Amino acid sequence: MIHSLFLINSSGDIFLEKHWKSVVSRSVCDYFFEAQERATEAENVPPVIPTPHHYLLSVYRHKIFFVAVIQTEVPPLFVIEFLHRVVDTFQDYFGVCSEPVIKDNVVVVYEVLEEMLDNGFPLATESNILKELIKPPTILRTVVNTITGSTNVGDQLPTGQLSVVPWRRTGVKYTNNEAYFDVIEEIDAIIDKSGSTVAAEIQGVIDACVKLTGMPDLTLSFMNPRLLDDVSFHPCVRFKRWESERILSFIPPDGNFRLLSYHVSAQNLVAIPVYVKHNISFRDSSSLGRFEITVGPKQTMGKTIEGVIVTSQMPRGVLNMSLTPSQGAHTFDPVTKMLSWDVGKINPQKLPSLKGTMSLQAGTSKPDENPTINLQFKIQQLAISGLKVNRLDMYGEKYKPFKGIKYMTKAGKFQVRT
Amino acid sequence: MTDSKYFTTTKKGEIFELKAELNSDKKEKKKEAVKKVIASMTVGKDVSALFPDVVNCMQTDNLELKKLVYLYLMNYAKSQPDMAIMAVNTFVKDCEDPNPLIRALAVRTMGCIRVDKITEYLCEPLRKCLKDEDPYVRKTAAVCVAKLHDINAQLVEDQGFLDTLKDLISDSNPMVVANAVAALSEIAESHPSSNLLDLNPQSINKLLTALNECTEWGQIFILDCLANYTPKDDREAQSICERVTPRLSHANSAVVLSAVKVLMKFMEMLSKDLDYYGTLLKKLAPPLVTLLSAEPELQYVALRNINLIVQKRPEILKHEMKVFFVKYNDPIYVKLEKLDIMIRLASQANIAQVLAELKEYATEVDVDFVRKAVRAIGRCAIKVEQSAERCVSTLLDLIQTKVNYVVQEAIVVIKDIFRKYPNKYESVIATLCENLDSLDEPEARAAMIWIVGEYAERIDNADELLESFLEGFHDESTQVQLQLLTAIVKLFLKKPTETQELVQQVLSLATQDSDNPDLRDRGYIYWRLLSTDPVAAKEVVLAEKPLISEETDLIEPTLLDELICYIGTLASVYHKPPSAFVEGGRGVVHKSLPPRTASSESTESPETAPAGAPPGEQPDVIPAQGDLLGDLLNLDLGPPVSGPPLTTSSVQMGAVDLLGGGLDSLIGDNNFGAPPAAAVPARVGAPIGSGLSDLFDLTSGVGTLSGSYVAPKAVWLPAMKAKGLEISGTFTRQVGSISMDLQLTNKALQVMTDFAIQFNRNSFGLAPAAPLQVHAPLSPNQTVEISLPLNTVGSVMKMEPLNNLQVAVKNNIDVFYFSTLYPLHVLFVEDGKMDRQMFLATWKDIPNENEAQFQIRDCPLNAETASSKLQSSNIFTIAKRNVEGQDMLYQSLKLTNGIWVLAELRIQPGNPSFTDLELSLKCRAPEVSQHVYQAYETILKN
């Protein structure tokens, strides 16, 4: 099982270590540092590194490497999933997960880690149970604690840990009973030079924020459940009911949780809401290149595209760019060669464009590679797959909750090749 | 206020200050001090000096303070064992606390303190906690058993904790079940032989019930445990699969992958005609695709596993090519894995898309990735014949880009395409030649030289081109030098008139100026071939090369099957069986896929049931022809020159030792003119032919001409028992005939005459083929040597042991009986070489129960010597593979009664500490295995 955990920042300092079994010397991380040095970028450090006596499994998030040390044959996905869970928990506890924040809350971090694993076996990883065991720090509580001498460790047995619904504690009470669901879809797409779709898929999630008194039993039904053929559920969802009736039936955890994530694959036609017209050309003879891109809406079902940001990694030969945007602001970093254009909203009547020239290193031949354009955007009130919630019902409790459903479509890894 | 204040006092007197604060009367001050201590500890500072002071803070009602002290204890108890004892009383008291949280915390912490003295006190509280009324305490205690086992395994066994733990598998609470399974699995890992997780249909049912209700982590443990179970028939397998399938929709990717493992394994037992089989296949694809939208680290592990899955069952993901398309900002380790899987999934249906993608990748920035993409185009050409032309033109486009490393990779793969489709794309040679100057990597240079040599007759200035390479001959790498040597010899054989000077130049460079034995030996071979028999040289060097075929990097089928059982583990990430890398001397149980067994009610006929799919249906597991060739050439040296003339010529040469290593390297390289494969099976029953390798290796050469290994004579019948007649003897096999070599000694005082011999019925029907002929009477103290020819047409009766032979010898004095054991290898016939495809099919066909494993200890041989030794005793190596530094020899032999025995011999060369060979034998008559093993041992050790 998981032996130890080291947190390492991008400059290669170990700033926290935690051992669940015997202590493993931090020199084991030297193997990690070697790999880190070999990899050109932090993202490229391989997630599984063998050493003579241990294996190092790592994830890289928020500019921190979370390196787990294992000694026996343990499913690596188990370890990596757990590490991501650690990051999520920190984020949940402290709002952000960063080196200074972790250092500031080191004792809480240590206590949380101690609760999450016992001898390397996961113990409590649900954040609402953890929060019952160890209360997250708040300014108010710190003040109160200093005055009253009480602590931020709960002295109750976390009730949820024993009940049949381990994700929900008993005795929840709210004055306003509300249940909100966000259907969020991300489009991952690769668009080729000519504008046709090479690959496109939708990763969707339904995130919920449920604040309901007692033990409510909810059912959620869809207008078109057939879209959902590849789904992963929160443990609370009754799988049998879904299999037979295509209805989500569940006792919700208290607070924020991810009810469902789904995947609409390349097999179904995925609507592409934007297009990019581009003309990026280098000439062999001159040291100037032409650059022109225009972004426009495609299949948006009448909704507005907003929050558009265009980024592109330009070839190394590009020295500088002189560009004029028709709207928004753009930057080009001559060191990293990263072009970024914050477009904002797309007005279909007046399409945003960015035009100008690139100056190339004199005397060199034209670059071999073509820049790829990455696109970010948001569309409110639209689930691009067409998924629609039909109705939400509550059983088991008498009161009438307030219900709300929001839809949003975002760009995931949306790339246009030029 | 944040915890960072605990770091601020890093002055010299820090420890002293903390000590004072820890002993403060004020609760609040104490707690702050402990927090400071913990903070220092987390950043790796040594605060062990404060041990007694911190332990003093332990007796408190404040839960947080207690927890903090426990944290400290866990870290430092080991270094202060005597002090740690002070804490025991509090622990024991806490284990009785009315609050289950405190009870659990105490037992949990105690288990983490790795001090023997404390462990002793742990037993009683632990026993109570294992039976606690509160499931939270029970589940914590279950894990504690695993901790204790790690510290003191003997204690756990003596105290009977293992049985209590086993009982917890039937606990009413699913979390307790899950933790018990996890603890038992961990303990079992250090005792691979023990039967801790004894799974039967009842316990399986309990696990499946708990599976639905326990936490995600518990589900992983349970699924991994289920995967070790072998259902009794296909019905049970199906019902388990049905209950595991819902786990594929779990949000935790580790749960999904563990479920995939169970399904992949149990699927093996289901009949392909079953509707359910098809349903299951369909259900497997979406979760695997979903794994690819997770974080990159998870994707990486998933991709490594998918790589195995598509090799085992390509049909699952055949329509999902697009999800493996590489995204621009994927980390490099994900990109490379995706590329690999794309090639595996490439087929005629999707090749156009794949090629377009690969071409796109070839213009990316990352050099490693670009190289692999170019290689991938070549692999597509070889794999999907219809696409070859498009691939070649894509490669030509890429060569036009003049990007140096792209050009070099392209040339390397084009060479392979030429090998696969000879005489089809030679029109591109001109384009390739244009790029000659830009090649600076050995592999690309060697490939280009090979092309020039191979097609010398079509390239007008081939001699000039090769000559230009020759100028810097000494600076080239060995790979290039060898290739250049061969290419020039090819050129010479094709255009002898104008290149004589060139060939002499290269031969002298190779033989006289080089220190490299491979190069020198190859040079000598060519030299001699050319000077003694140019026709033969032509036949050898310019022989038609067998085609290379697709996918040379498929994982060997038995390894693949084993790895499928390890889906989701480190083994699957490294594509190595755990035995290859798991640390320490722990034996690792080899896992294998369950054979398909139909339930008793099944209507299937018994012939088809155990055999699995007919071999024809699984072309995917038949390894590439390409390496087959390499192996054949390595082992069966059957050049078109016949045996005896070669013997004489080699003797004439005088410098025979030069040829020792050269031949291997010469024939082992399948890039160059090797003898035609057709010549290989031609050597039937000719011991001289089989001894060819020995001939060159003259140290043992002449001696082994006789064929099988012959044991020294042993006394079979002592004179005491036979009124003065002593018989000693041995068995030999020579040129297909068996004989019994006897030595009769007369130790009596009278003359012996009228000898006759008779055999009792025996297992293999051995019988004298001729009467025992002792020509003259045997006078006292005289010894006579007789070779008695045997045949195997006598009557058969199974003996115990199998190779027991009862003999009666008669002379003028009396009849004497004795029995002897004959070594089985005298029964190995000369045509015991199985066709490779046949071998694969047979290997699969023979049920796994018939497989027997043996170890041949202390036998420091390498693969070559072992296989030549074995071959002289008619054990034929069919294929050789190098798997992670181990040589695997696949061998077959046939007994006189037609029984085939298939063998896999595992050798670890280059590892002097590992001189044991592992032998596994498969035979339809498993009783012979033991004796075959003995034969192996005898042959190899002599």
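Residues numbered from 1 in each chain as written. Chains lettered and ligands numbered in written order. Predicted model: local features only at pLDDT ≥ 70, side-chain atom pairs only at ≥ 80, totals over all residues. Heavy atoms only, no water.

### Describing the overall build of chain A
In step 1: Looking only at helices and strands, one finds seven helices and 23 strands in chain A.
In step 2: For chain A, the residues scored as buried account for 56% of the 418 residues in total.
In step 3: Counted over contacts in chain A with a minimum sequence separation of 6, partners at least 24 positions apart contribute 68%.
In step 4: Split by element, the accessible area of chain A, about 17600 Å² in all, is 51% carbon and sulfur. (Helix = DSSP H or I, 4+ residues; strand = E, 2+ residues; numbered from the N terminus. Buried < 20%, exposed > 50% of the residue type's maximum accessible area, 1.4 Å probe, protein only. Contact = heavy atoms within 4.5 Å. Areas by Shrake-Rupley, 256 points an atom, 1.4 Å probe, with all protein chains shown as cover.)

### Some words on the overall build of chain B
In step 1: Helix and strand counts for chain B stand at 40 helices and 13 strands.
In step 2: When each of the 942 residues of chain B is scored for burial, the buried share is 58%.
In step 3: Within chain B, counting contacts between residues at least 6 apart in sequence, those at least 24 apart form 68% of the total.
In step 4: Put simply, chain B shows about 37600 Å² of open surface, and 51% of that area lies on carbon and sulfur atoms.

### So, the environment of B:T499
Residues and elements named next belong to chain B.
In step 1: Along the chain, the position of T499 falls in helix α27 (residues 496–512).
In step 2: Overall, T499 belongs to the buried group, its relative accessible area being 1%.
In step 3: Residues T499 and D463, spaced 36 residues apart in sequence, show a C-alpha to C-alpha distance of 7.0 Å.
In step 4: If we skip the residues at most four places from it in the chain, T499 touches D463, L491 and F492.

### Observations concerning the sheet that holds strand β20 (residues 353–360) of chain A
Residue and element names in this part refer to chain A.
In step 1: Read from one edge of the open sheet, four strands run β14-β15-β20-β17, paired in antiparallel fashion. Edge positions in the sheet fall to β14 (274–282) and β17 (318–325), since each has one partner strand and no second. Averaged over all neighbouring strand pairs, the angle between strand axes comes to 15 degrees, with direction disregarded.
In step 2: Examined bridge by bridge, strand β15 (residues 288–297) and β20 share seven bridges and lie antiparallel to one another. (Pairing = 2+ DSSP bridges. Axes fitted to C-alpha atoms, helices over the stretch in contact; angles between N-to-C directions.)

### Concerning the interface of chain A and chain B
In step 1: Residue-level contacts link 99 residues of chain A with 97 residues of chain B.
In step 2: Here chain A and chain B share an interface that buries about 8300 Å² over both sides, 58% of which is from carbon and sulfur atoms.
In step 3: Interface area lost by chain A to chain B is led by A:E73, A:L77 and A:F121, which between them contribute 9%.
In step 4: Counting across the chain A and chain B interface gives 10 salt bridges.
In step 5: As a salt-bridge pair, B:K147 and A:D118 come within 2.7 Å of each other at their nearest N and O atoms. (Buried area = accessible area lost by both parts, 1.4 Å probe. Salt bridge = Lys/Arg side-chain N within 4 Å of Asp/Glu carboxyl O.)

### Concerning the pattern of salt bridges
All names here are of chain B.
In step 1: On inspection of all chains with the given rule, the structure shows 54 salt bridges over all chains.
In step 2: The closest approach of N and O atoms between K312 and E268, which form a salt bridge, is 3.6 Å. Remark: E268 occurs in the loop between α15 (253–267) and α16 (275–291) and K312 occurs in helix α17 (residues 296–312); sequence separation between them is 44 residues. Exposure class is identical for K312 and E268. Each is buried.
In step 3: One salt bridge in this structure joins K338 and D330, with 2.9 Å as the shortest N-O distance.

### Quick word on the packing of aromatic side chains
In step 1: Going through the model one piece at a time under the given rule, you end up with 29 aromatic pairs over all chains.
In step 2: Between the aromatic rings of B:F418 and B:Y455, the centroid separation amounts to 5.3 Å while the plane-to-plane angle is 75 degrees, which identifies the pairing as edge-to-face. Taken as a pair, B:F418 in helix α22 (residues 404–420) and B:Y455 in the loop between α24 (442–454) and α25 (462–471) lie far apart in primary sequence, 37 residues in all. By the burial criterion, B:F418 is buried, and B:Y455 matches it.
In step 3: One Lys or Arg, A:K18, reaches over the ring of A:Y110 and ends 4.9 Å from the middle of that ring. (Phe/Tyr/Trp six-rings, centres within 6.5 Å; stacked < 30°, edge-to-face > 60°. Lys NZ or Arg CZ within 6 Å of the ring centre and 35° of its normal.)

### Remarks on the sheet that holds strand β4 (residues 55–61) of chain A
Residue and element names in this part refer to chain A.
In step 1: An order of β2-β1-β5-β4-β3 is seen for the five strands of this open sheet, with the pairing classed as antiparallel. At either margin of the open sheet sits one strand with a lone partner, and together these are β2 (14–19) and β3 (48–50). The mean inter-strand angle of the sheet, taken between neighbouring strand axes irrespective of direction, is 20 degrees.
In step 2: As paired strands, β4 and strand β5 (residues 64–70) are joined by seven bridges and run antiparallel to one another. For Y60, the partnering residue across the bridge sits in β5 and is F65.

### Topic: helix α29 (residues 534–541) of chain B
Residues and elements named next belong to chain B.
In step 1: Turning to α29, its buried residues number three or more, namely A536, A537, V540 and V541. Taken around the axis of α29, the buried residues stretch over an arc of 120 degrees, which confines them to a single face.
In step 2: At its buried positions, α29 is contacted by α26 (478–494) and α28 (517–532). (Arc of directions from axis to C-beta.)

### Side note on the pairing of strand β2 (residues 725–734) of chain B
All names here are of chain B.
In step 1: The buried fraction of β2 is high, at nine of 10 residues.
In step 2: Note that strand β1 (residues 714–717) and β2 share three bridges and pair antiparallel. Bridged to V715 within β2 is S728.
In step 3: Strand direction decides the pairing type here: β2 and strand β3 (residues 737–746), joined by 10 bridges, are antiparallel. Bridging across to β3, G729 finds its partner in L742.
In step 4: Turn length for the β2-β3 hairpin, with the two strands adjacent in sequence and antiparallel, is two residues, and the turn residue V735 shows positive phi of about 45 degrees.

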